[in-house]
Structure formats: C-alpha cells, structure tokens
Amino acid sequence: MHAVLFALVLAAPQSFARADDWITTGVDCSLFAVGDVDGDGFDDLVTLNGARQICYAPSVRGWKSAAWEVVRENVAEGVVGLEVREVDADCVGAEVVVRFRDRAVLLSKRAPVQFTQEQAFSGQAAEPPEPTAAGEPPPYEPDAAPLLRLRGDIDGDGRADAIAVFAATAPHPHRLVRVAIAEHTGD
C-alpha cells in the first residue's frame, strides 16, 4: 500500500502559488539564467544588459529579490546565451558561462562581488530544466506575453520554482520577472 501511495505522490503534478513580481529590468535585457551565484542555497537571477554588464539579482532567502549587482563589466559583444553552473568546487557559489556563437567563457572567483577570472570553457551547453506554464502575467497588464520561462530553486527548498520574464509596457516599457513558488504538498 505504501508503494502505491508513494507512486501517486511522485506522479502528481507540481502546483505553484500565484506569481508575484520579483524584479524588473530594462528592455535591453533579453538573456537570463538562474543559479546560486552567491552560494547561500537560494538560486539567483542573472542577466546581460545593454551596457554589456552581467548582473545578478540575489534572492533574499527566497522571499524577495535584492537589487541588481554588476558582476562583470565589458563583456564582449555577440553573447547568445548565459548559464549558471557549479564548475569549480573551490569557488563560493556558482560560476557564469557566457556563450558566443563560436566559443564560451567561464567567469569565476568573485571578489568581493565581481568575477575576477575569465577563461575559455569547453563544456557542452547545459540542458535547461523543462519550463513550466506557471506564472501568470502582471495584474496591471494581463495581456503581456512571456518572453522567457525558466525554472530555479528561488526559495531554497529543493523544488523548482517557476520564473517568467514578461515584456511589460505600463507605466513604461520594461521587463518584469515574476516568480511562482512551488507549493508544498505535505511531503
């Protein structure tokens, strides 16, 4: 009997709380990644802005986002993707992989906030987790379509939370990141 109940729990679809506004960016941000950049056990959000800066918005213990912080200046032009990966076990927190069409670089060793090392990275692109449809548009702009959907453990509980990036226009054009935390179902 216990095996049957366990199988039903595993097969049950994951449910999410209503999405909340997490943080905003300018319309120049179109690449995003999620991972534990600062090593505190909560996934953070990473983006590349129009000034060619890689920025991260740390999760404050899973209940809100802190302001964007620049972790790398003067990134070369032509970035096609970002990943947050744990590559070097000696580093506190994860590193950021910046992908170009013909190469990739690994940013590592933060001191105190900015990454201080850049080296060629030959690893294959990570398969992103399957995004979820959870995360509704903002209530003040219900017709906003998501530009991107991600998953990450924003609240540090071991469950993948839903993250959606919307192109919003009210009161001005911007990107809005909304997070829907995975609900606990008694397990």
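Now for a quick tour of the structure.

So, how was this worked out
Going along each chain's sequence as written, the residues are numbered from 1 onward. Reporting of local features is limited, given that this is a predicted model, to residues whose pLDDT is at least 70; pairs of side-chain atoms are given and counted only at 80 or more, and all residues count toward the totals for whole chains, interfaces and linings. Side-chain figures throughout are based on the complete set of non-hydrogen atoms in the structure, without hydrogens or water. In this description, strands pair whenever DSSP reports at least two bridges between them. Each helix is a run of DSSP H or I of at least 4 residues and each strand a run of E of at least 2, with the numbering of both proceeding from the N terminus. Where helices are involved, their axes are fitted lines through C-alpha atoms of the stretch in contact, as for all axes, and angles between N-to-C directions lie from 0 to 180°. Whether two aromatic rings pair depends on their centres lying within 6.5 Å, for rings of Phe, Tyr and Trp, where Trp uses its six-membered ring; planes under 30 degrees apart make the pair stacked, over 60 edge-to-face, and the rest tilted. In this scheme, the term charge over a ring applies when either NZ of a lysine or CZ of an arginine sits within 6 Å of the ring centre and within 35 degrees of the ring normal. By definition here, a salt bridge exists when the distance from a side-chain nitrogen of Lys or Arg to a carboxyl oxygen of Asp or Glu is within 4 Å. For each residue, the accessible area found with a 1.4 Å probe, counting protein chains only, is set against the maximum for its type, and the residue is called buried under 20%, exposed over 50%, and partly exposed in between. By the convention used here, residues are in contact when the closest approach between their heavy atoms is within 4.5 Å. We call a set of buried Ala, Val, Leu, Ile, Met, Phe, Trp, Tyr and Cys residues a nonpolar core when their side-chain atoms join them within 4.5 Å.

1. Here's the deal with the sheet that holds strand 12 (residues 174-180)
- Taken together, four strands build an open sheet; the order of strands is 1-12-11-10 and the sheet is antiparallel. Two strands in the sheet have a free side with no partner beyond their single neighbour: strand 1 (20-25) and strand 10 (146-152). Neighbouring strand axes in the sheet, compared pairwise and without regard to direction, differ in orientation by 25° on average.
- Bridge analysis of strand 10 against strand 11 (residues 161-168) gives six bridges, and the strand direction is antiparallel. Bridge assignment links Pro146 to a residue of strand 11, and that residue is Phe166.

2. Details of the packing of aromatic side chains
- This model, assessed by the stated rule, comprises zero aromatic pairs.
- Over the aromatic face of Phe100 sits the side chain of Arg103, whose NZ or CZ is 4.0 Å from the ring centroid.

3. Side note on the pattern of salt bridges
- Going through the model one piece at a time under the given rule, you end up with seven salt bridges.
- Arg178 is the partner of Asp21 in a salt bridge, and the nearest nitrogen-oxygen pair spans 2.7 Å. In this pair, Asp21 is assigned in strand 1 and Arg178 in strand 12, connecting sequence segments 157 residues apart.
- For Asp21, a relative accessible area of 40% gives the class partly exposed.
- With relative accessibility at 5%, the residue Arg178 sits in the buried group.
- Notably, a salt bridge pairs Arg52 with Glu77, separated by 3.9 Å at the nearest N-O pair. Here Arg52, found in the loop between strand 3 (44-48) and strand 4 (54-57), pairs with Glu77, found in the loop between strand 5 (69-72) and strand 6 (79-85); they are 25 residues apart in sequence, far enough to count as distant.
- Note on Arg52: relative accessible area 32%, which makes it partly exposed.

4. Quick notes on the environment of Ala164
- Note that Ala164 resides in strand 11.
- A relative accessible area of 0% means that Ala164 is categorised as buried.
- Not counting chain neighbours up to four residues away, the residues in contact with Ala164 comprise Gly135, Leu148, Arg149, Leu176, Val177 and Arg178.

5. What about the nonpolar core?
- Val46, Ile54, Leu82, Val96 and Val98 are the most contacted members of the largest nonpolar core, which totals 18 residues.
- Among the secondary structure elements, those contributing two or more residues to this core are strand 3, strand 4, strand 6, strand 7 (95-100) and strand 8 (104-110).
- Ignoring sequence-local partners within four residues, the contact set of Leu82 consists of Leu31, Phe32, Ala33, Val46, Thr47, Leu48, Ile54, Val96, Val97 and Val98.
- Residues Cys29, Leu150, Val177 and Val179 belong to the second largest nonpolar core, which totals 13 residues.

6. Here's the deal with the pairing of strand 4
- Side chains of strand 4 alternate between two faces, with Ile54 and Tyr56 and Cys55 and Ala57 buried alike.
- Taken together, the four bridges between strand 3 and strand 4 define a ladder with antiparallel strand orientation. Across the sheet, residue Leu48 finds its bridge partner in strand 4, namely Ile54.
- Hairpin connection of strand 3 to strand 4: five residues between the antiparallel strands, including Arg52 at a positive phi of 60°.
- Here strand 4 pairs with strand 5 via three bridges, running antiparallel. If you follow Ile54 over to strand 5, its bridge partner there is Arg72.

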